[in-house]
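The primary structure of each chain is shown beneath.
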Amino acid sequence: MHTPRSILRTLLAAALSMAAACSSVNPYEVNREALVLAQKNLAGENSSAAARGAERLYAGRADEADKFRLQRYFALYLASMAHMQAAVKGPFLTEESGTPGIGSPRNSDVPHLVAAGYYAGLARDLAPKARGEKAADEGTKLLPADLEAVGVESAGRRLDLYRMVALTRLGFSSTVQNEFDAWPELSKPESCDEILSQLALEKEIVPWVYYSLFRLTQAGDERIAYTFGAKSRIAAAGAKGALPDARVEELVAWVRAKAEKDKLFFCCQMCRKPFPTDKLRCIDDSTPITSFFPIKATNE
């Protein structure tokens, strides 16, 4: 027969056992699994769940921020990715229906672009501290293997491109110029292509990167601006709906205006014929419009 004292001893032993179990939970492992889950949700295009999980990790460890710098940094990285995915493929911060995508007529992408830019900015502030963190704590890996392979630097560069795209779409031209000036490799199409290839940016975002760079360079070197615009059009053709028709027409209209007002024609390298405004390749020899070059008409 159990006496009150024996019951009390049993309850006390159970409580001590539970306390020991709780104290044995490794918070770094909990955080790492949260990052893994957010990645799985991103891969499944469940951007809402990915964003919630990443945001919860970042906010939930705020009281011990110095202990979890690296994991909180990658939580911001995944949160920004999730909101960019939602802006492109299906918003969850709006009740409106309609065709998703950056530049949507219903502006359903706007809240997600604001969130993506906000988290990218927080990550930029945290990066200097996260960069110096070790990848393990007493033998416990802090990150999933693929995030560890990405590293703080590459993640930051990807976030900078997200931020540039978001700011361009939202109309913050002066801020975008500052972002551009701080990353001179973006100003040359060849080195820009290398960056995009290394970062394996989503194909729906690539046309917007090129479009942003077109906007930033069109007042300067016309050949570079033209090339970025042409690359944006070709990338958009490979990611249907990524760039709205109005943006494509803006790129084409700029080329038309150069021909009509400035007598500057962009011509095929092979046949020297001018740019076909409604095509992506030369109609005679299929040379892509990205290979066209400027010729200034002279008055004779």
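Preceding this paragraph is the structure being described.
This report concerns the structure included in the present document. (Residues numbered from 1 in each chain as written. Predicted model: local features only at pLDDT ≥ 70, side-chain atom pairs only at ≥ 80, totals over all residues. Heavy atoms only, no water.)

1. Details of the environment of M84
Argument step 1. In this structure, M84 sits in helix α4 (residues 69–89).
Argument step 2. M84 gets classed as buried once you look at its relative accessible area, which sits at 2%.
Argument step 3. Between the C-alpha atom of M84 and that of S47, which follows or precedes it by 37 residues, the distance is 8.7 Å.
Argument step 4. Excluding residues within four positions of it along the chain, M84 makes contact with I102, L113, A116, Y162, V165 and I205. (Helix = DSSP H or I, 4+ residues; strand = E, 2+ residues; numbered from the N terminus. Buried < 20%, exposed > 50% of the residue type's maximum accessible area, 1.4 Å probe, protein only. Contact = heavy atoms within 4.5 Å.)

2. With respect to the environment of E222
Argument step 1. Here E222 shows up in helix α10 (residues 222–237).
Argument step 2. By relative accessible area, E222 is classed as partly exposed at 30%.
Argument step 3. Once residues within four sequence positions are removed from consideration, E222 is found in contact with W254, K258, D262, L264 and F266.

3. A word on the layout of surface pockets
Argument step 1. The space that makes up the largest pocket amounts to roughly 360 Å³.
Argument step 2. Lining the largest pocket are 19 residues, with R124, G156, R157, D160 and W183 sitting closest to its centre.
Argument step 3. For the lining of the largest pocket, the element with the most residues is helix α6 (residues 145–170), which contributes seven residues.
Argument step 4. Partitioned by chemical class, the residues of the lining of the largest pocket number twelve nonpolar, one polar and six charged.
Argument step 5. One number sums up the size of the second largest pocket: a volume of about 310 Å³.
Argument step 6. Along the wall of the second largest pocket there are 17 residues; nearest its centre are L42, A43, M81, Q85 and E202.
Argument step 7. Among the secondary structure elements, those contributing two or more residues to the lining of the second largest pocket are α2 (27–43), α4 and α6. (1 Å grid on protein atoms, 1.4 Å probe; cavity = no way out; pocket = protein on both sides within 12 Å on 5 of 7 lines; lining within 4 Å. Points joined across faces, edges and corners; volume = space filled by probe spheres on them. Nonpolar A, V, L, I, M, F, W, Y, C, P; charged D, E, K, R; others polar.)

4. Here's the deal with helix α7 (residues 173–181)
Argument step 1. Taken together, the buried positions of α7 are occupied by V176, E179 and F180. Buried positions in α7, seen along its axis, are confined to an arc of 100° and lie on one side of it. Facing away from the buried surface of α7 by more than 90 degrees, the exposed residues are S174 and N178.
Argument step 2. The inward-facing, buried residues of α7 contact α5 (110–131), α6 and α9 (206–217). (Arc of directions from axis to C-beta.)

5. Thoughts on α2
Argument step 1. For α2, which comprises 17 residues, the first-to-last C-alpha distance of 24 Å matches the rise-based estimate of 24 Å (1.5 Å per residue) to within 8%.
Argument step 2. Within α2 the residues assigned to the buried category are Y28, N31, R32, L35, A38, Q39, N41 and L42.
Argument step 3. Where α2 is buried, its residues meet α3 (47–60), α4, β1 (136–137), β2 (140–141) and α6.
Argument step 4. Taking the backbone nitrogen of Y28 as reference, a side-chain oxygen 2.9 Å away marks N26 as the first, capping residue of α2. (Expected span 1.5 Å × (residues − 1). Polar contact = N/O pair within 3.5 Å; in protein donor to acceptor, adjacent residues only side chain to side chain.)

6. Some details on the packing of aromatic side chains
Argument step 1. Scanning the model with the defined rule gives ten aromatic pairs in all.
Argument step 2. An angle of 10° between the planes, with centres 4.2 Å apart, marks the rings of Y226 and F266 as stacked. Within this pair, whereas Y226 is found in helix α10, its partner F266 is found in strand β3 (residues 264–267), the two being separated by 40 residues in sequence.
Argument step 3. Each residue in the set W208, Y211, F214, Y226, W254 and F266 is aromatic and connected to the rest through ring pairs, giving one cluster.
Argument step 4. Directly above the aromatic system of F68 lies the positively charged group of R61, at a separation of 4.8 Å from the ring centroid.
Argument step 5. Here the guanidinium or amino end of R72 rests over the ring plane of Y58, the centre of that ring lying 4.0 Å away. (Phe/Tyr/Trp six-rings, centres within 6.5 Å; stacked < 30°, edge-to-face > 60°. Lys NZ or Arg CZ within 6 Å of the ring centre and 35° of its normal.)

7. Observations regarding the pattern of salt bridges
A side chain with one charge may pair with a side chain of the opposite charge, provided their charged atoms come close.
Argument step 1. Under the criterion given, the structure shown has 19 salt bridges.
Argument step 2. Close ionic contact of E148 with K141 constitutes a salt bridge, the shortest N to O distance being 3.5 Å.
Argument step 3. Residue E148 is classed as partly exposed on the basis of its relative accessible area, which comes to 33%.
Argument step 4. For K141, a relative accessible area of 42% corresponds to the partly exposed category.
Argument step 5. As a salt-bridge pair, R163 and E179 come within 3.0 Å of each other at their nearest N and O atoms. Taken together, the positions of R163 in helix α6 and E179 in helix α7 put the pair 16 residues apart, joining distant regions of the chain. Accessibility assignment for this pair places R163 and E179 in one class, buried.
Argument step 6. One continuous salt-bridge network, built from bridges that share partners, spans R124, D160, R163 and E179. (Salt bridge = Lys/Arg side-chain N within 4 Å of Asp/Glu carboxyl O.)

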